[in-house]
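Structural characterization, general
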Amino acid sequence: MLQMMQKKVEEEGEKEKELYEKFMCYCKKGSGDLDASISGAGAKITSLGSEIEAAEQKKAQDEADLKQHSADREAAIKAMAEATAIREKEAA
């Protein structure tokens, strides 16, 4: 019975040793991967910041263009109404 317990304890010890080795391997490899990922993310942050600034500038330009085009449209509608009124007077 003691031999069976000893064998069982040795088997459990081997399993624990394998798990420990897998964990240590993960820790050694994982930190390198994390460092690379962090440095890549840092570069991406800078890139995204400049893209956001460019998008904000484009949005401001588009809003200014929209305001100008709306004013031009209103002026064109007014000019068409005046021209129509003049033609109606001339036709009458």
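Each remark here, short or long, concerns the structure printed above.
Residues numbered from 1 in each chain as written. Predicted model: local features only at pLDDT ≥ 70, side-chain atom pairs only at ≥ 80, totals over all residues. Heavy atoms only, no water.

1. Comments concerning the overall build of the protein chain
Helices and strands together make up the secondary structure of the protein chain, namely one helix and zero strands. Relative to its length of 92 residues, the protein chain is extended, with a C-alpha radius of gyration of 38 Å against a globular reference of 12 Å. Dimensions of the protein chain along its principal axes, counting C-alpha atoms only, are 125 × 30 × 10 Å. When the accessible surface of the protein chain is totalled, it reaches about 8,800 Å², and 61% of it is carbon and sulfur. Charged side chains in the protein chain number 15 positive and 20 negative. The centres of these two groups are separated by 3 Å. (Helix = DSSP H or I, 4+ residues; strand = E, 2+ residues; numbered from the N terminus. Rg over C-alpha atoms; globule rule 2.2 N^0.38 Å. Areas by Shrake-Rupley, 256 points an atom, 1.4 Å probe, with all protein chains shown as cover. Lys, Arg positive; Asp, Glu negative; His and termini not counted. Charge placed at Lys NZ, Arg CZ, Asp CG, Glu CD.)

2. Structural notes on the pattern of salt bridges
The full count for this structure, using the stated rule, is two salt bridges. A salt bridge links aspartate 62 to lysine 58, with the nearest nitrogen and oxygen atoms 3.1 Å apart. Of the two residues, aspartate 62 and lysine 58 both sit in helix α1 (residues 2-91), four residues apart, roughly one turn of that helix. Judged by relative accessible area, aspartate 62 falls into the partly exposed class, the value being 37%. (Salt bridge = Lys/Arg side-chain N within 4 Å of Asp/Glu carboxyl O. Buried < 20%, exposed > 50% of the residue type's maximum accessible area, 1.4 Å probe, protein only.)

3. Comments concerning a negative patch on the surface
On the surface, Glu10, Glu11, Glu12, Glu14, Glu16, Glu18 and Glu21 cluster together into a negatively charged patch. Structurally, glutamate 14 can be placed in helix α1. (Patch = residues over 30% accessible without salt bridge, like charges linked within 9 Å, V, L, I, M, F, W, Y side chains within 5 Å.)

4. Points about a nonpolar patch on the surface
A surface patch of nonpolar side chains, amounting to about 420 Å² of accessible area, comprises Met1, Leu2 and Met5. Within the fold, leucine 2 resides in helix α1.

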